[in-house]
Amino acid sequence: MLTWLLLTLSVLWGCGSHADHSEATEQAPQTLWTCPMHPEILREEFGSCPICGMDLVERSGEPEAGHADHSGHEGHSGGEAVHIDAHVVQNMGVRTQRLEPTTLSRHLRVLGEVEVGEDELSVVSLRVSGWVEKVYVERTGDPVKVGQRLFELYSPELVAAQEEYLLAIRTQGSDSQLARSAQRRIELWGIAAQDLQRVAKAGEPSRTLPIRAPGAGFVLSKAVVEGASVQAGQELYRIGDLQSIWVTAEVYEFEAPWIEVGQPAELSLSYAPGTTLQGSVAYVYPTLDPLSRTLRVRLEFENPGVRLKPGMFATVDIQAQQAQEVLAVPGEAILRSGNRDIVFVQAAAGTFEPREVGLGLQGDGRMTEIRSGLQAGDEIVLSGQFLIDSESQLQEALRQMTEAR
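Thresholds, definitions, all that
Counting starts from 1 at the beginning of each chain's written sequence and moves along it residue by residue. Confidence filtering applies because this is a predicted model: local features only for residues at pLDDT of at least 70, side-chain atom pairs given and counted only at 80 or more, and all residues used for totals across whole chains, interfaces and linings. Processing note: side-chain calculations cover all non-hydrogen atoms of the structure and skip hydrogens and water entirely. Numbering goes from the N terminus for both helices and strands, where a helix is a DSSP run of H or I of at least four residues and a strand is a run of E of at least two. Here, residues are in contact when the closest pair of their heavy atoms is within 4.5 Å. In this description, strands pair whenever DSSP reports at least two bridges between them. Between the N-to-C directions of two axes lies an angle of 0 to 180 degrees, each axis being a line fitted to C-alpha atoms and, for a helix, fitted only over the stretch in contact. Oblique is the label for any angle not covered by the other classes, which are roughly parallel (under 35 degrees), roughly antiparallel (over 145) and roughly perpendicular (65 to 115). In this scheme the crossing of two helices becomes right-handed for a clockwise turn of the near helix relative to the far one and left-handed for an anticlockwise turn of less than a right angle. Burial here depends on accessible area, computed with a 1.4 Å probe over protein chains only, as a share of the maximum for the residue type. Under 20% is buried, over 50% is exposed, and the range in between is partly exposed. Using protein atoms alone on a 1 Å grid, points that fit a 1.4 Å probe yet trap it form a cavity, whereas open point sets bounded by protein on both sides within 12 Å along at least five of seven lines form a pocket; residues with an atom within 4 Å of a point count as lining. Grid points are joined across faces, edges and corners, and a volume is the space filled by probe spheres set on the points. Following the grouping adopted for this structure description, the nonpolar residues are Ala, Val, Leu, Ile, Met, Phe, Trp, Tyr, Cys and Pro, the charged ones are Asp, Glu, Lys and Arg, and the polar ones are all others, Gly among them. By salt bridge we mean one thing: a side-chain nitrogen of Lys or Arg within 4 Å of a carboxyl oxygen of Asp or Glu.

Asker: Just checking my understanding: could you explain the environment of Gly360 for this structure?
Answerer: Secondary-structure assignment places Gly360 in strand β24 (residues 358–362). Sequence spacing of Gly360 and Ile370 is ten residues, and the spatial spacing of their C-alpha atoms is 5.9 Å. If we ignore the near neighbours within four places in the chain, the residues touching Gly360 are Glu369 and Arg371.

Here is the structure:
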């Protein structure tokens with residue numbers, strides 16, 4: 001009987017001891033050690049990081065519920081906070097900035113090519129066939145004035161038309177309907193009224209009549225020599241006025257929203273450092289180059305002294321529009337994962353929240369407009385956000401490891 005009693009007490013004491021040991025084991029937290037700079041290093045004992053040599057810091061094996069983002073970087077949807085020890089935050093070099101409304105602007109610096117304005121071009125082509133008797137403007141590049149004689153043209157059709165005009169004057173007078181019709185016919189062939197008056201005053205037809213410049217400028221191309229046969233519709237001279245010049249530039253596709261007609265522009269010359277010309281954006285072309293993915297922009301500048309020559313390259317600074325009172329963050333503050341953009345916000349000391357944001361315009365200084373996800377007064381993280389993101393994934397790995405054990 002005594003033996004049985006002693007055996008029963010021994011069993012009860014053993015069960016109690018086992019229960020107490022199990023309870024103590026469950027309540028004792030597991031201690032893990034990690035490197036602040038290399039969170040992938042995990043040790044069960046204190047020591048040094050095998051990569052950088054830093055002392056390992058103590059990490060709890062059971063992070064508090066809700067402290068880590070359990071979905072990793074791709075799963076940041078905003079709201080779940082990441083808690084990091086102050087010592088670790090300091091080692092990460094985390095910098096923050098208070099978000100306030102600001103003015104977002106952009107200066108575009110582009111390379112442009114100087115061209116003759118299409119509205120400053122004039123072409124000399126005949127409306128009647130004939131032969132060139134004498135050339136007055138003989139060289140490409142020569143300046144010409146409006147109405148200046150370019151060459152003398154002999155045309156049998158013009159000679160016959162002059163005879164009809166003179167006959168109408170002799171028979172019915174210079175103010176008759178027949179005389180005015182004959183004069184009008186010759187003028188439609190490109191003959192100046194002053195040359196017809198000279199014919200009427202002389203009383204006999206002129207063998208040749210002068211062809212005059214329709215506009216002022218410089219001879220850009222010339223296709224006429226003395227004695228040459230010329231046909232109606234043939235282009236003989238191309239004259240361009242260079243007092244006002246076009247500059248065609250190309251801007252990248254992502255810069256297109258900043259460009260508007262009327263924006264001021266400043267042009268600098270490579271061969272004359274310090275010399276600038278003022279102009280403006282005159283036209284934004286409606287199509288995009290499919291190969292270079294650029295948008296063509298036409299700017300107009302006054303060209304005193306004809307400093308700008310067609311074919312030159314020039315550097316142009318365009319003062320783009322400004323966006324007033326917008327929220328903008330530096331580009332390095334944004335984590336881009338391909339299908340979403342994340343900005344970390346410091347909710348409290350050592351506590352960081354990932355916020356998914358909607359992006360807008362990109363301004364000077366790599367500033368990017370935030371259209372959704374943040375509000376004025378938020379303390380955003382400027383540096384160290386990749387380490388914060390790694391820390392959140394580390395906390396998730398620790399939680400899963402603890403649950404498995």
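Asker: For this particular structure, what's the right way to read the sheet that holds strand β16 (residues 264–269)?
Answerer: One closed barrel holds the six strands; their spatial order is β6-β15-β18-β17-β16-β19, and the pairing between them is antiparallel. In this sheet, neighbouring strand axes are inclined to one another by 40 degrees on average, regardless of whether the strands run parallel or antiparallel. Where strand β6 (residues 102–116) lies against strand β19 (residues 313–326), ten bridges are found, and the strand directions are antiparallel. Paired with Thr102 across the two strands is Val326, which belongs to β19.

Asker: I'm lost on the packing of helix α3 (residues 156–172) against helix α5 (residues 193–202) in this one. Help?
Answerer: Each packed pair of helices is defined by two parameters, the angle between the axes and the distance between the axes. Viewed as axis vectors pointing N to C, α3 and α5 meet at an angle of 60 degrees, and their least axial separation amounts to 10 Å. If you check the angle between α3 and α5, you find them oblique. Here α3 runs over α5; the crossing is right-handed. Seen from α3, the contacting residues are Gln162, Tyr165, Leu166 and Ile169; seen from α5, they are Leu196, Val199 and Ala200.

Asker: I'm lost on the pairing of strand β14 (residues 235–240) in this one. Help?
Answerer: The side chains of a regular strand alternate between both faces of the sheet. Direction of pairing for strand β7 (residues 121–125) relative to β14: antiparallel, over a ladder of five bridges. Following the sheet pairing, Leu121 is matched in β14 by Gly240. Sheet topology note: the strand β12 (residues 217–222)/β14 ladder contains four bridges and is antiparallel. Across the sheet, Ser221 pairs through a bridge with Arg238, a residue of β14.

Asker: Sorry, what's going on with the environment of Ala256 here?
Answerer: Mapped onto the secondary structure, Ala256 falls in the loop between β15 (244–252) and β16. By relative accessible area, which is 24% here, Ala256 ends up partly exposed. Counting along the chain gives 40 residues from Ala256 to Arg296, while the straight-line C-alpha distance between them is 9.6 Å.

Asker: Quick question: what am I supposed to make of unusual backbone geometry here?
Answerer: Apart from glycine, the bulk of residues carry a negative phi angle, and the bulk of peptide bonds sit in the trans form. The backbone of Arg293 shows a phi angle near 55 degrees, a positive value even though the residue is not glycine. Mapped onto the elements, Arg293 comes out in the loop between β17 (272–288) and β18 (294–302). Since its relative accessible area comes to 39%, Arg293 is described here as partly exposed. In this model, Val306 sits at a positive phi of 50 degrees, which is unusual for a non-glycine residue. Residue placement: Val306 occurs in the loop between β18 and β19. Taking relative accessible area as the criterion, Val306 reaches 12% and is therefore assigned buried.

Asker: Please explain the layout of surface pockets as it appears in this structure.
Answerer: A water-sized probe, rolled over the atoms, reveals where empty space remains. Roughly 290 Å³ of internal volume is contained in the largest pocket. For the largest pocket, the lining is made up of 13 residues, of which Arg127, Gly190, Ile211, Arg212 and Pro214 are closest to its centre. Contributing elements (two or more residues each) for the lining of the largest pocket: β7 and β11 (208–212). Grouping the constituent residues of the lining of the largest pocket by class yields nine nonpolar, two polar and two charged.

Asker: I'm lost on the pattern of salt bridges in this one. Help?
Answerer: Pairs can form between side chains of opposite charge whenever their charged atoms are close. Within the structure shown, the criterion is met by 15 salt bridges. Note that Glu152 and Arg149 form a salt bridge whose closest N and O atoms lie 3.6 Å from each other. Since its relative accessible area comes to 10%, Glu152 is described here as buried. Taking the relative accessible area as the measure of exposure, Arg149 reaches 37% and is therefore partly exposed. Between Glu164 and Arg185 there is a salt bridge, and its shortest N-O distance comes to 3.0 Å. Within this pair, whereas Glu164 is found in helix α3, its partner Arg185 is found in helix α4 (residues 177–188), the two being separated by 21 residues in sequence.

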